[in-house]
Amino acid sequence: MTLLRHTSADQDVQREALTVNPAKTCQPIGAMYAALGLHRCLPHSHGSQGCCAYHRSTLSRHYKEPAMAGTSSFTEGSSVFGGQANLLAAIENIFTVYNPDVIAVHTTCLSETIGDDVPQIVEAAIDKGLLPEGKMVIHANTPSYVGSHTTGFATMTKAMVDYIAQSSGAEKIRDQVNLIPGWVEPADMSELKRLVKLMGLDPVTFPDTSGVLDSPQTGIHEMFPAGGATVDSIRSAGDSCHTIALGPICSGPAAKALFAKCQIPQTTMPLPIGLKATDRFIMKLREINGGFVPDEIMTERGRVLDLMTDMHQYFYGKTAALWGDPDQLVSLAELLITLDMIPKFVVTGTPGKKFYKRMGEVLGDHAQGCKVDQGSCADMFQLHQWIKSDPDKVDLLIGNTYGKYIARDEDIPLIRHGFPILDRIGHQHFATVGYRGATRILEQILDAFLDRQDRDAPESGFELVM
Amino acid sequence: MREAIDILDARRRQVHTKGSQPFQLDCEKHSVAGSVSQRACVFCGSRVVLYPITDALHLVHGPIGCAAYTWDIRGAQSSGSQLHRMSFSTDLREKDVIYGGEKKCEAALIELIGRYRPKAAFVYATCIVGLIGDDLEAVCRRVTAQTGVETIPVHSEGFAGSKKDGYTAACAALDRLVGTSESPPPDGPSINILGDFNIAGETWIIRDYYERMGVNVISTITGDGRVDDIRRAHQAQLNVVQCSGSMKGLARLMKQKYDIPFVHVSYFGLEDVSKALYDVAEQFNDPAMMQRTTQLVRDEISAVMPQLRRYRDALQGKKAAVYTGGAFKAFSLVRSLRTLGVQTVIAGSQTGNPQDYQQLESLCDDGTVLLDDTNPLELAKFIDQTGADLLIGGVKERPIAYKLGVAFCDHNHERKRCLAGYEGMVNFANEVYSSVCSPVWSLSPRKRHAPPVKRSIGPGPLVTADAGLPLNTKAPQCPTAATVPSAGSDSHACGVCQLKAHCSGLAAQETETA
């Protein structure tokens, strides 16, 4: 038994109570990532030190950046008597030494289960005068035994609305839209902001990890890099004319909360990965801006389309296996279908109700030939079993780093996409959303196919022009 | 960090600058809440120690995160089974937290043991399991009875202390395996290698040294570990313990139970690895073995010295910051860096004890900043203050160094080349050199105005032949004599060789090659 061979083709393993090689991780890391997208915010993990260390390490490995976060450093005593004393001390210490504008506290399974009431503890901190003027503490409940890292991200994003966004009572600002980008790379957040600005609108983007987790080398240790959504900008989200939430799982709850709190009309739509999804995003912005799409965007769209037509014969009928976060998977599947490819296997460990329905919608006629699984037993082991027992090997794998074992064992090219990517660089700097992002993904997919063709070609068929 | 940053008041006594005042450093304290600590938890400690037992099943009983974050993140290599690299989790959900997870855990174990037939199974208790009170002992007893595969609970609830307590829990789990085999003991001198984790194959190098000395290695715990070997570990005559934090517990237990003595060693750096081999040879009181050891040390040092000398020429005068998990490794690093002409200006660990820091202080030069359980802000501040050219640490320290425009060497989980043993020292020198002397730093804001670095060694593999190399040494001498404060005795206690025979032998050899 080796790691590379998770399973064999003839094994049909029925499981009830077990995850083997997970296709998800836990809520707090999502909350930590979202909180890093708040300007001058220190995420704070209310629990044992290990959780915080693991989350920081994983974020550092993925983004190749320092990921700062505090921890309540629970001990056995805290677990018995509650973590109030730890959190109060932490709040005092953090403001004294690190001086952030915001502390974003998220719970772990430990603090959640012993029942620590974070809002009440924060009240106590305010009463004791531990919060300096103009500073704030926000929180999200993120027990690890509920949801996944994506729902943790969603919960912290929603906390930004709950704690910060406000309706000033004045008229809505006509050109200002709220952009809730979902769990994407810093470069994606930049690209989305650029598109919104090109559409003549002023985006209030949160969370916004651009400038935080893709920061330049300055020679100085920046506890709080320059990027991130400011508290003031999020406050003004309560006065925007519309909210666009990308990805129902990661961004939907915040958009709904903003509607409930400040009556901002909202549109929750799939992540704009691929031409069709980006079209929808741009069309929505066009509705908001009064019907205007600048030439620059039309040109970008035309370029993607041009590339797709230039090379479409290489995509026809190619099959792919995908894994990762539901919001990403829905859009990726749609992208593949527009390329005439077939998403054959789709796996996400993240539980949730509407995933099958959404996948069904984008798969359309392809739904019959596609196996989709979700939940505890939907893991990399499951995916590997499917791939192994399929007589026609899939042509492509798209997903995070964990797919590399399958890629090697089955000799199938892998395009790294999603979280985490621990073994490559660049993903944080190259957007995959929008038309430009579509170009990037197209290039990656096509390269994978052409490299494979070159590698496998007989000498007589090894050609210069393809 | 241009502006002055305060050290947390509660942490002031965990920082000390050598020579500034009488030495006293607070340590073994819980991290201050709110501090951006680089430390981890009990589960992490147990998991890293037991992880490299390759033919055991490792089931993480808890929510998914604990398993996901420890899935194959350490390059602990195996010469056989790869079962340890799989990630198994009970993926506890809300209803399990309410109704308890014992049934789920038991079902998972039965299923996994049935499928993989491991030699033994470890079940790790995470925070939540401790809290909801699952009786893992009972679960394991039932599973052992039903499957015949020994199933061992690891009491590693994350909140129950620090990473160190995880080591203790791992040792307690191992203690249940040791002594459970009745196979006949081997003839001749025998040891267990404890506390090496076979990162990048290091255990294999160490094992080879001992075998060349004529010592049987009964078990390696835990790097490239095998359950059956661990079961008969009690047959060894000596336990050789590296990584003091993690495995001293097991060595102590084996001393009590089986009266097996243990020695403390380190395999990092010429001085420490040589001392380790001599210390082990000394324990067996066998002149022939000592002679073989002397020969081994001599051969190995002569093989690597020419290369090291070239690195030393390039690195002379550079300054390093060292921040490790355990303190024992920090000693080796200070000495190894000195061998390379690099001065340690910051030294710290996550889990050192008073004796560790006392020793660390005595090793360092005046002005060295000593840190216990530090955080990024302090590290950055002291790197800036001391003008360190290099940071040695782990995954969370790497991007901090790079943002500062400072070279980095991973001496932790993520090292890709073995850094232990003699060849490991060359790799270490190469790693340090390739980072410190990279032209990339001349482009960084921090170093833009600094004079260009001396790049005397070209990229690519180094030629081992030393013909034409500029040998700085005027007279043949012990390779490390210049780097180690001499004890001044004619037994030449340089720490590397400790034996006159070695030095004179080496000197003769160098004269020939020169």
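Residues numbered from 1 in each chain as written. Chains lettered and ligands numbered in written order. Predicted model: local features only at pLDDT ≥ 70, side-chain atom pairs only at ≥ 80, totals over all residues. Heavy atoms only, no water.

**Q** Could you give me a rundown of the overall build of chain B, with the residues and numbers involved?
**A** Counting its secondary structure elements, chain B contains 18 helices and 14 strands. Expressed as a percentage of its 514 residues, the buried residues of chain B come to 64%. Across chain B, contacts joining residues at least 24 apart in sequence account for 73% of those joining residues at least 6 apart. For chain B, the accessible area works out to roughly 18200 Å², and carbon and sulfur atoms hold 50% of it. (Helix = DSSP H or I, 4+ residues; strand = E, 2+ residues; numbered from the N terminus. Buried < 20%, exposed > 50% of the residue type's maximum accessible area, 1.4 Å probe, protein only. Contact = heavy atoms within 4.5 Å. Areas by Shrake-Rupley, 256 points an atom, 1.4 Å probe, with all protein chains shown as cover.)

**Q** Account for unusual backbone geometry, with residues named and values stated.
**A** The amide bond that connects Phe 419 of chain A to the next residue, Pro 420 of chain A, takes the cis arrangement and shows omega of -5 degrees. Structurally, the position occupied by Pro 420 of chain A is in the loop between strand E14 (414-416) and helix H18 (434-456). Ile 221 of chain B connects to Thr 222 of chain B through a cis peptide bond whose omega is 15 degrees. For Thr 222 of chain B, the position within the fold is in the loop between strand E7 (216-221) and helix H9 (227-231). Positioned with a positive phi, Asp 91 of chain B is a non-glycine residue whose angle comes to about 45 degrees. Take Asp 91 of chain B: it is sitting in the loop between strand E3 (88-89) and helix H3 (94-99). Located in the positive-phi region is Asp 373 of chain B, a residue other than glycine, with phi close to 45 degrees. With respect to the secondary-structure elements, Asp 373 of chain B resides in the loop between strand E12 (369-372) and helix H15 (376-386). On the basis of relative accessible area, Asp 373 of chain B is assigned to the buried category, the value being 2%.

**Q** Tell me about the sheet that holds E12 of chain B, residues and numbers included.
**A** All names here are of chain B. Strand order in the open sheet formed by six strands is E1-E12-E11-E10-E13-E14, and the pairing between neighbours is mixed. Sheet topology places strand E1 (15-17) and strand E14 (407-410) at the edges, where each strand pairs with a single neighbour. Averaged over all pairs of adjacent strands, the angle between their axes in this sheet comes to 15 degrees, without regard to strand direction. Inspection of the sheet shows strand E11 (residues 343-349) paired to E12 by four bridges, in the parallel sense. Bridge pairing in E12 places Ser 349 opposite Asp 372. (Pairing = 2+ DSSP bridges. Axes fitted to C-alpha atoms, helices over the stretch in contact; angles between N-to-C directions.)

**Q** Mind laying out the pattern of salt bridges, listing which residues take part and the relevant values?
**A** Two side chains with opposite charge may pair up if their charged atoms get near one another. Residue and element names in this part refer to chain A. For the structure shown, the criterion picks out 56 salt bridges over all chains. Among the salt bridges present, the one from Arg 5 reaches Asp 409, with a minimum N-O distance of 2.7 Å. With Arg 5 in the segment before strand E1 (19-20) and Asp 409 in helix H17 (residues 404-410), this pair connects stretches of sequence that are 404 residues apart. Residue Arg 5 is classed as partly exposed on the basis of its relative accessible area, which comes to 43%. Given a relative accessible area of 13%, Asp 409 falls into the buried group. For the salt bridge of Glu 287 with Lys 284, the shortest nitrogen-to-oxygen distance reads 2.8 Å. With Glu 287 and Lys 284 both in helix H11 (residues 275-289) and three residues apart, this pair spans about one turn of that helix. (Salt bridge = Lys/Arg side-chain N within 4 Å of Asp/Glu carboxyl O.)

**Q** Pulling in residues and values, what's your account of the nonpolar core?
**A** Of all hydrophobic cores here, the largest spans 212 residues; its most connected members are Phe 281 and Ile 445 of chain A together with Tyr 210 of chain B. The element best represented in this core is helix H12 (residues 287-315) of chain B, accounting for eleven residues. The residues contacting Phe 281 of chain A, other than those within four sequence positions of it, are Leu 179, Leu 192, Leu 195, Val 196, Ile 244, Leu 246, Met 269 and Pro 272 of chain A. (Core = buried A, V, L, I, M, F, W, Y, C linked by side-chain atoms within 4.5 Å.)

**Q** I'd like a rundown of the packing of aromatic side chains, residues and numbers included.
**A** Evaluated as defined, the whole model comprises 21 aromatic pairs over all chains. Between Phe 315 of chain A and Phe 449 of chain A the ring centres are 6.4 Å apart and the planes differ by 65 degrees, which places this aromatic pair in the edge-to-face class. Residue Phe 315 of chain A is found in helix H13 (residues 312-315), and its partner Phe 449 of chain A is found in helix H18; the two are separated by 134 residues along the sequence. Phe 315 of chain A gets classed as buried once you look at its relative accessible area, which sits at 1%. Between the aromatic rings of Tyr 311 of chain B and Tyr 433 of chain B, the centroid separation amounts to 5.5 Å while the plane-to-plane angle is 55 degrees, which identifies the pairing as tilted. Of this pair, Tyr 311 of chain B sits in helix H12 while Tyr 433 of chain B is found in helix H17 (residues 421-436), placing the two residues 122 residues apart along the sequence. Look at Tyr 311 of chain B and you get buried, because its relative accessible area is 1%. (Phe/Tyr/Trp six-rings, centres within 6.5 Å; stacked < 30°, edge-to-face > 60°.)

**Q** How would you explain the environment of Arg 292 of chain B if you had to name every residue and give the values?
**A** Residues and elements named next belong to chain B. Within the secondary structure layout, Arg 292 lies in helix H12. Residue class for Arg 292 comes out partly exposed when judged on its relative accessible area of 36%. Distance from Arg 292 to Met 213, taken between C-alpha atoms, is 5.5 Å for residues 79 residues apart in sequence. Setting aside chain neighbours within four positions, we find Arg 292 in contact with Arg 212, Met 213, Gly 214 and Asp 286.

**Q** Any chance you could break down the sheet that holds strand E4 (residues 102-107) of chain A for me, citing the residues and the numbers?
**A** Residue and element names in this part refer to chain A. Pairing in this open sheet of four strands is parallel, and the strands run E3-E2-E4-E5 from one edge to the other. Both edges of this open sheet fall to strand E3 (70-71) and strand E5 (136-140), since each of them pairs with a single strand only. Sheet topology places strand E2 (residues 41-46) next to E3; two bridges connect them, and they run parallel. Bridged to His 44 within E3 is Gly 70. Where helix H4 (residues 84-97) meets the sheet, its contacts fall on E2, E4 and E5, and the angle it forms with E2 comes to roughly 160 degrees. Its contacts with the sheet place helix H6 (residues 118-127) against E2, E4 and E5, and it is angled at close to 170 degrees to E5.

**Q** Report on the pairing of strand E8 (residues 238-241) of chain B, specifying residues and quantitative values.
**A** All names here are of chain B. Burial of E8 is two-sided: the residues Leu 238 and Val 240 facing one way and the residues Asn 239 and Val 241 facing the other way are all buried. With four bridges connecting them, strand E6 (residues 190-194) and E8 associate as parallel partners. Along E8, the bridge assignment pairs Ile 193 with Val 240. Where E8 lies against strand E9 (residues 262-264), three bridges are found, and the strand directions are parallel. Note on E9: the bridge partner recorded for Val 240 is Val 263.

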